[in-house]
Amino acid sequence: GGRFFAASVLGPVTYTPCPVLVFRKGVAENRQFIALGSMFGADADRIVVKRIVLTGYPTRVHKRHATVKYMFYNPDDVKWFKPAELVTKHGLQGNIVDSVGDHGTMKCLFNAPVQQHDTICINLYKRIYPKYASTETTNDSGETTKEDILVL
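Residues numbered from 1 in each chain as written. Predicted model: local features only at pLDDT ≥ 70, side-chain atom pairs only at ≥ 80, totals over all residues. Heavy atoms only, no water.

### A few points about the side chain of T119
Alright, step 1. Examined against the element boundaries, T119 turns out to sit in the loop between β7 (105-110) and β8 (120-128).
Alright, step 2. Setting aside residues up to four positions removed in sequence, T119 forms contacts with T55, G56, Y57, V87, T88 and K89. (Helix = DSSP H or I, 4+ residues; strand = E, 2+ residues; numbered from the N terminus. Contact = heavy atoms within 4.5 Å.)

Structural data, given as C-alpha cells:
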C-alpha cells in the first residue's frame, strides 16, 4: 500500500482532474475496491519508459579521473556506451574517456574529485508498450468468462 502507479486505460476521453476508482470483479458480481487515484491528461504523445541502472566501482582515483570496474564485461560495451553520461551516488557527473584492458574496465572523467567509496551509475532507458493479459473467471453456476485486460 501507499505506492504510486500508472496504468493505461482504453475508454472514453476524460479531462483532468477526474477522480478514478479501481475495482476488481469478484465472484457473483461482487466488486472489490483496489485503488483510488486521478487521471493524467489524455495525451497521445506520452510514452512509458523503464529505467535500468548499471553500477560500477572506482578502483583507482586521482582527483577528477577514476578507473571504474564491474560495470561492463568487455571493451566493446565500453565503446558502445561511451556517449552516455555517468552519474555518481554523491551527485557528480562524468563521461567515459577510454577503455582499459580486456575486461570492461574504463577511464572516466568527472566534474569534481571522486571519492573512493562512491558508486558510479549509468542510466539506461527503454520504451515499454502495454501488454494484454487474458483472465478467466468462473461464476457460481460454473460458466467461465474470458476477458482481456491491459497490463502495464
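### A word on the nonpolar core
Alright, step 1. Formed by 15 residues in total, the largest nonpolar core has its most connected members in M71, F72, L86, I96, M106, C108 and F110.
Alright, step 2. With residues near it in sequence (within four places) discarded, M71 still touches L54, T55, G56, L86, M106, I120, C121 and I122. (Core = buried A, V, L, I, M, F, W, Y, C linked by side-chain atoms within 4.5 Å. Buried < 20%, exposed > 50% of the residue type's maximum accessible area, 1.4 Å probe, protein only.)

### Considering a nonpolar patch on the surface
Alright, step 1. A grouping of L21, F23, F33 and L36 is seen on the molecular surface, where their side chains present a nonpolar patch of about 450 Å² in accessible area.
Alright, step 2. Of all the secondary structure elements, the ones that give two or more residues to the nonpolar patch are β1 (19-25) and β2 (31-38).
Alright, step 3. Among the secondary structure elements, F23 is positioned in strand β1.
Alright, step 4. F23 gets classed as partly exposed once you look at its relative accessible area, which sits at 45%. (Patch = residues over 30% accessible without salt bridge, like charges linked within 9 Å, V, L, I, M, F, W, Y side chains within 5 Å. Areas by Shrake-Rupley, 256 points an atom, 1.4 Å probe, with all protein chains shown as cover. Salt bridge = Lys/Arg side-chain N within 4 Å of Asp/Glu carboxyl O.)

### Considerations on the sheet that holds β7
Alright, step 1. Within the closed barrel, the six strands sit side by side as β3-β4-β7-β6-β5-β8. Their pairing is antiparallel. The average angle at which neighbouring strand axes cross in this sheet is 45°, direction not considered. (Pairing = 2+ DSSP bridges. Axes fitted to C-alpha atoms, helices over the stretch in contact; angles between N-to-C directions.)

### Quick look at the side chain of D118
Alright, step 1. Relative to the elements of secondary structure, D118 occurs in the loop between β7 and β8.
Alright, step 2. Setting aside residues no more than four positions away along its own chain, D118 makes contact with Y57, P58, T88, K89, H90 and L92.

### Considering unusual backbone geometry
Alright, step 1. Even without a glycine there, the phi angle at K63 is positive, about 55°.
Alright, step 2. Tracing the backbone through its elements, the reader meets K63 in the loop between β3 (48-62) and β4 (65-69).
Alright, step 3. Relative accessible area serves as the criterion here: at 60%, K63 is assigned to the exposed category.
Alright, step 4. Its identity is not glycine, yet Y70 carries a phi of approximately 70°, on the positive side.
Alright, step 5. Locating Y70 in the fold gives a position in the loop between β4 and α1 (75-80).
Alright, step 6. Assessed through its relative accessible area of 56%, Y70 is described here as exposed.

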